Amino acid sequence: MPELTLEILSDAVAGNAAAFRSRSRLQPAGGAGTKVFPPTYAGAVYAVEKRRVPDRGEPVTCVLLDSVQSQANRMEEALQDALDEGRVNVPLIVVDFSNYFPGEDQPEEMRLIDPIDRVTSLQAPHRLADAILRDSLHGDTPFRKSEVGREIDRASARNATPLYRLCPTALIFGMWDSTGPKGGLGAKFERAIVSEIVGVDASFGVKTGSRIDPLRIGTNAGPIYKAKDGDGIEWTTDRDAAEEDKKGNPVLFNRGGAAGKPGNPSKANHGNITPSFHKYGKGAEGPDVMSPPDVDLSYRLAADGRALQQTSRLHTNWPEARQDRIAPGGVTIDYAEQTTVLSLPALRRLRFPENGGAASTPEQHQRDAAARTVLAALALCSAELAAEKGMDLRSRCLLWPEAPREWELLDAPGATPERFTLGAERAVALLSEAVEHAKRLGVEWNTDPVTLRPSDSLVKLVRKSQDQVVKEAVVEESA
């Protein structure tokens, strides 16, 4: 299988090809048929739906293992790691929080309890349009009012040069500048690369929880109280050593999140936990896949009214999930599939004029083609770097590809797609080649990070939020 080259990539971007596509079949690292755990949504509900799958007659039950948004974040994280390691050099905007660690020469309200080192445009949820960047300063000027930040106001599909220079990932992963000076009229860019991982033909299991305490501490060993002395142990069995409420009553120990009633040793994580099933939580919404779905029996009748043919179809609308019902705990699947698609028409909509001009010249067309090729290379590189890091999606959801990854070029309608290999190292080299080619045509991006500092208001808001988390934990323990 041939390797993807800059010439092939450039021709595909400049021509009429539709997309580069990669479809990879994955299995749990424990082997086919072992359980994996999907992400949970409100109230411990899985994202489940019926999908049509090739070679299957009826739609099959599928479960989302990694969403489009999560996949984009993994690709950006992989780019950030590669940048930190010196493997790639892409434009970056950094908000530096390093002066606000505890003990720094700052007022108390400006010292963060949980220190933050930095947040970059590859980590901010809304990329270049994120409020973290908006509420930070370039020098002494609010970022969006600075000379650098005002460039974003002029960005559009017909003038994507500012984003190419400052944050090209916003052009491939999407961005909407809805909180900038133009509000809802701010620049909007669609995702050019989309990826997701889905488990096919899912069967739902249960999750149990239990613990055997080697000390055999039982519930009758309580009650335990919140200790009033700061000797490092938060609780006590001694009534006289307990904190008291306003009425003089001892305060039962009640660590938030721990099982059991206030004063029970289990609140201090001691004692046995009775084996039990995982259940839906507060705010559960979506399908209750542990309950049988409705069945729609469809008949085709002959002229005399006799049933000529019968088919059975399962509705996709399972009963609604409800709090305290038994919830699914992992799934077994036939296989998982990762589908990644890079839209070339999305890149062709972008123009990269010099100094905001709109000249339609052969030189400008070359600039546009070179910048689009860089973005295509950047998208493919991010996907390959993420794949290189592996498919450990979350606890108990490690997937392994059945075969090496390959890319298909969807070119002429109806033609058999050409297939190419790539890999992370080749993708990094391809990106470097594309960037250098564009640079020779006068399309350059920033090679040095733009460093911002958080505004005092932003730091104080973070500190206040951290204070509130600490206070809520104390109140919950005392309740």
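Everything numeric here is computed off the predicted structure, so don't read it as measured data.

Rules used in this analysis
Just so you know, the residues in each chain are numbered from 1, in the order the chain's sequence is written. At least 70 in pLDDT is required for a residue's local features to be given in this predicted model, at least 80 for side-chain atom pairs to be given and counted, and no such filter applies to totals for whole chains, interfaces and linings, which use all residues. For side-chain calculations, the full set of non-hydrogen atoms in the structure is used, while hydrogens and water are omitted. Helix numbers and strand numbers start at the N terminus; a helix is a DSSP run of H or I with at least 4 residues, a strand a run of E with at least 2. Exposure categories follow from relative accessible area, calculated using a 1.4 Å probe and restricted to protein chains: below 20% of the type maximum is buried, above 50% is exposed, and the middle band is partly exposed. By definition in these notes, contact holds between two residues if any of their heavy atoms fall within 4.5 Å. Methods summary: accessible areas were calculated by the Shrake-Rupley approach with a probe of 1.4 Å, and residue burial reflects only the protein chains presented. Like-charged residues are merged into a patch within 9 Å and nonpolar side chains (Val, Leu, Ile, Met, Phe, Trp, Tyr) within 5 Å, provided each residue has over 30% relative accessible area and no salt bridge. Here, a salt bridge means any side-chain nitrogen of Lys or Arg that lies within 4 Å of a carboxyl oxygen of Asp or Glu. Any two of the Phe, Tyr and Trp rings considered here, Trp counted by its six-membered ring, make a pair once their centres fall within 6.5 Å; the pair's planes then place it as stacked at under 30 degrees, edge-to-face at over 60, or tilted in between. An expected span of 1.5 Å times one less than the residue number is assigned to each helix. Strand pairing requires that DSSP identify at least two bridges connecting the strands. Counting of polar contacts relies on pairs of N or O atoms within 3.5 Å, with two restrictions inside protein: one atom must be capable of donating a hydrogen and the other of accepting it, and residues adjacent in sequence are counted only when both atoms are side-chain atoms. Only buried Ala, Val, Leu, Ile, Met, Phe, Trp, Tyr and Cys residues count toward a nonpolar core, and they belong to the same one when joined by side-chain atoms within 4.5 Å. Each residue carries a pLDDT score, the predictor's confidence in it, ranging from 0 to 100. An arc is given here, and it is the one of the directions from the helix axis to the C-beta atoms. Fitting a line to C-alpha atoms yields each axis, with helices limited to the stretch in contact; the angle taken between N-to-C directions then spans 0 to 180 degrees. Each angle receives one of four descriptions, namely roughly parallel if under 35 degrees, roughly antiparallel if over 145, roughly perpendicular if within 65 to 115, and oblique otherwise. Amino acid classes used here: Ala, Val, Leu, Ile, Met, Phe, Trp, Tyr, Cys and Pro are nonpolar; Asp, Glu, Lys and Arg are charged; the rest, including Gly, are polar.

Summing up its helical and strand segments, the protein has 10 helices and 24 strands in all. With respect to the three principal axes, the spread of C-alpha positions in the protein is 85 × 85 × 40 Å. Counting across all 479 residues of the protein, residues that qualify as buried make up 42%. Taking the intrachain contacts of the protein between residues at least 6 apart in sequence as the baseline, contacts between residues at least 24 apart amount to 72%. In the form shown here, the protein has an accessible surface area of approximately 25200 Å², with 50% of it arising from carbon and sulfur atoms.

Among the surface-exposed residues, V206, F277, M290 and I326 lie close enough to one another that they form a single nonpolar patch of about 300 Å² accessible area. Checked against the element boundaries, V206 lands in the loop between β11 (203–204) and β12 (208–211).

In this section: the pattern of salt bridges. Throughout the structure, instances matching the rule amount to 30 salt bridges. A salt bridge links E190 to R349; its shortest N-O distance comes to 2.5 Å. A residue pair is termed long-range when its members are at least 10 positions apart, and E190 in the loop between β9 (188–189) and β10 (193–200) and R349 in the loop between α7 (344–348) and α8 (362–388) qualify at 159 residues. Judged by relative accessible area, which is 45%, E190 ranks as partly exposed. For R372, the salt bridge goes to D368, with nearest N and O atoms at 4.0 Å. Highlighted residues: R372 and D368, both in helix α8, separated by four residues, approximately one helical turn. Taken individually, R372 and D368 each receive the classification buried, so the pair is uniform in this respect. What you see here is one network of salt bridges that share partners, running through E108, R111, R463 and D467.

Looking now at the packing of aromatic side chains. The final tally for this structure, using the stated rule, is two aromatic pairs. Seen in terms of ring centroids, Y164 and F352 are 5.7 Å apart; in terms of plane orientation they differ by 70°. Their pairing is edge-to-face. Here F352 lies in the loop between α7 and α8 and Y164 lies in helix α5 (residues 161–166), a separation of 188 residues in the sequence. Pair check on accessibility: Y164 and F352 agree, each one buried. Every member of this aromatic cluster is reached through a ring pair, and the members are Y164, F352 and W445.

Let's shift gears to helix α9 (residues 424–440). For α9, spanning 17 residues, the distance from its first C-alpha to its last is 25 Å, which sits close to the expected 24 Å at 1.5 Å a residue. Those residues of α9 that fall on the buried side of the exposure criterion are A424, R426, A427, V428, L430, L431, A434, V435 and A438. Contacts from the buried residues of α9 go to α1 (6–14), α5 and α8.

With that settled, the discussion passes to the pairing of strand β21 (residues 398–401). In this sheet, β21 lies alongside strand β1 (residues 19–28) in antiparallel orientation, the contact comprising three bridges. Bridging across to β21, Q27 finds its partner in W400. The antiparallel pairing of strand β20 (residues 391–392) with β21 creates a hairpin that spans five residues between the two strands, and R396 there sits at a positive phi of about 65°.

Attention shifts here to unusual backbone geometry. Here the residue pair G222 and P223 is connected by a cis peptide bond, since its omega of 0° sits within 30 degrees of zero. Structurally, the position occupied by P223 is in the loop between β12 and β13 (225–226). A positive phi angle, close to 70°, is found at A44, a residue other than glycine. Of note, A44 is situated in the loop between β1 and β2 (48–51). In this structure, D55 takes a positive phi of about 70° despite not being glycine. Along the chain, D55 turns up in the loop between β2 and β3 (60–66).

This brings us to the side chain of E384. Note on placement: E384 falls in helix α8. On the basis of relative accessibility, which here comes to 6%, the residue E384 falls in the buried class. Among the polar contacts listed, one links the side chain of E384 to the side chain of W407, at a separation of 2.7 Å. Those residues in contact with E384, other than ones at most four positions away along the chain, are R405, W407, L422, G423, A424 and A427.

A separate point is the nonpolar core. Core analysis: the biggest nonpolar cluster contains 85 residues, and F20, L128, Y164, L342 and L431 have the highest contact counts within it. In contact with F20, not counting residues within four places along its chain, are L4, L9, A12, T340, V341, L342, L344, L380, W407, E408 and L409. F37, V63, W318 and M391 belong to the second largest nonpolar core, which has 23 residues in total.

Here the focus is the confidence of the model for the protein. For the protein, per-residue confidence averages 90 on the pLDDT scale, and 92% of positions sit at 70 or higher. pLDDT under 50 marks residues 311–315. Its contacts with residues more than four places away, or in other chains, come to 17 contacts.

Our next topic: the sheet that holds strand β6 (residues 136–138). Paired through backbone hydrogen bonds, the strands of a sheet run either parallel or antiparallel to each other. Strand order in this open sheet of five strands is β5-β4-β24-β6-β7, and the pairing throughout is mixed. At either end of the open sheet lies a strand with only one pairing partner, and these are β5 (118–120) and β7 (141–142). Examined bridge by bridge, β6 and strand β24 (residues 450–454) share two bridges and lie antiparallel to one another. Counterpart to S136 in the pairing with β24 is P454.

The next subject is α1. Among the residues of α1, L6, L9, A12 and V13 are the ones counted as buried. With its buried residues spanning 130° around the axis, α1 presents them on a single face. Opposite the buried face of α1, by more than 90 degrees, sit the exposed residues E7, D11 and A14. Along its buried surface, α1 packs onto β1, α7, α8, β22 (407–410) and α9.

A separate point is the packing of helix α2 (residues 68–84) against α8. Running from amino to carboxyl end, α2 crosses α8 at an angle of 90°, the nearest separation of the two axes being 8 Å. With respect to α8, the element α2 is oriented roughly perpendicular. Facing R74, M75, A78, L79 and A82 of α2, the residues of α8 in contact are L378, S382, A383, L385 and A386. Here the contact of α2 with α8 is built from residues that sort into eight nonpolar, one polar and one charged.

Within the secondary structure, K267 is located in the loop between β14 (235–236) and β15 (273–277). Reaching out from K267, the side chain makes a polar contact with the side chain of N254 at a distance of 3.0 Å. Contacts of K267, omitting those with residues within four sequence positions, involve F253, N254, R255, A258, A259, G260, K261 and P262.

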